[in-house]
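Observations on chain architecture
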Amino acid sequence: MAATTEEQIERVRELVASIPSGSVATYGDIASAAGLSSPRTVGWIMRTDAADLPWHRVLGASGRPAPHLAHRQLAKLELEGVPIRDGRVDLAVARHRF
DNA sequence: TTTGTGACCTGGA
DNA sequence: ATCCAGGCCACAA
């Protein structure tokens, strides 16, 4: 696969949209499942063309999103029933398996 | 074109 | 546990 194509972006959008409420996924998992070359590309998509997607269900591998979003993410996730421990998401339980 | 930046990941100190 | 360095890909100036 060469550079990122519309198909890849579409795939990522589908994956993010397919995450059920109460579950979360990591950038690395999405990148791997979508066939992207690097997890960084997923972050790029989120920033540019994922405003209408449940991006708040996407976290980093550390179970903690970016600093500026963390506040919002955790609040929404907690409302959806995602297990949060000490400001960190319990990936072992909330992680969605594709 | 080159450079800097970013909603990342892994591994080592 | 946290911090740093290298690798990764795409974009804006």
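No experiment lies behind these values; they were computed from the predicted model shown.

Turning our attention to the pattern of salt bridges. Side-chain pairs of opposite charge can arise whenever the charged atoms involved come near each other. According to the stated counting rule, one finds five salt bridges in the structure shown. With a closest N to O distance of 2.8 Å, D29 and R95 form a salt bridge. Of this pair, D29 sits in helix 2 (residues 27-34) while R95 sits in the segment after helix 5 (91-94), placing them 66 residues apart in sequence. For D29, a relative accessible area of 22% translates into the label partly exposed. Owing to a relative accessible area of 35%, R95 belongs among the partly exposed residues under this scheme. Taken together, the shared-partner salt bridges in this structure form one network comprising R13, D49 and D52.

This part covers the protein's contact with DNA strand B. DNA strand B sits among Y27, G28, P39, R40, M46, R47, W55, G60, A61, A66, H68 and L69. Among atoms of DNA strand B positioned within 4 Å of the protein, sugar and phosphate together represent 37%. M46 is positioned with one of its backbone polar atoms (N or O) 2.9 Å from a base nitrogen of DNA strand B. Here a phosphate oxygen of DNA strand B and a backbone polar atom of A61 are 3.0 Å apart. Broken down by element, the surface near DNA strand B gets its largest block of residues, four residues, from helix 3 (residues 39-49).

The local shell around DNA strand C consists of A3, T4, S37, S38, R40, T41, W44 and R88. Put simply, 81% of the atoms of DNA strand C that lie within 4 Å of the protein are in sugar or phosphate. For DNA strand C, a phosphate oxygen lies 3.2 Å from a polar atom in the side chain of R88. Element by element, the count of residues in the surface near DNA strand C is highest for helix 3, at three residues.

Parameters at a glance
Residues numbered from 1 in each chain as written. Chains lettered and ligands numbered in written order. Predicted model: local features only at pLDDT ≥ 70, side-chain atom pairs only at ≥ 80, totals over all residues. Heavy atoms only, no water. Salt bridge = Lys/Arg side-chain N within 4 Å of Asp/Glu carboxyl O. Helix = DSSP H or I, 4+ residues; strand = E, 2+ residues; numbered from the N terminus. Buried < 20%, exposed > 50% of the residue type's maximum accessible area, 1.4 Å probe, protein only. Near = heavy atom within 4 Å. Polar contact = N/O pair within 3.5 Å; in protein donor to acceptor, adjacent residues only side chain to side chain.

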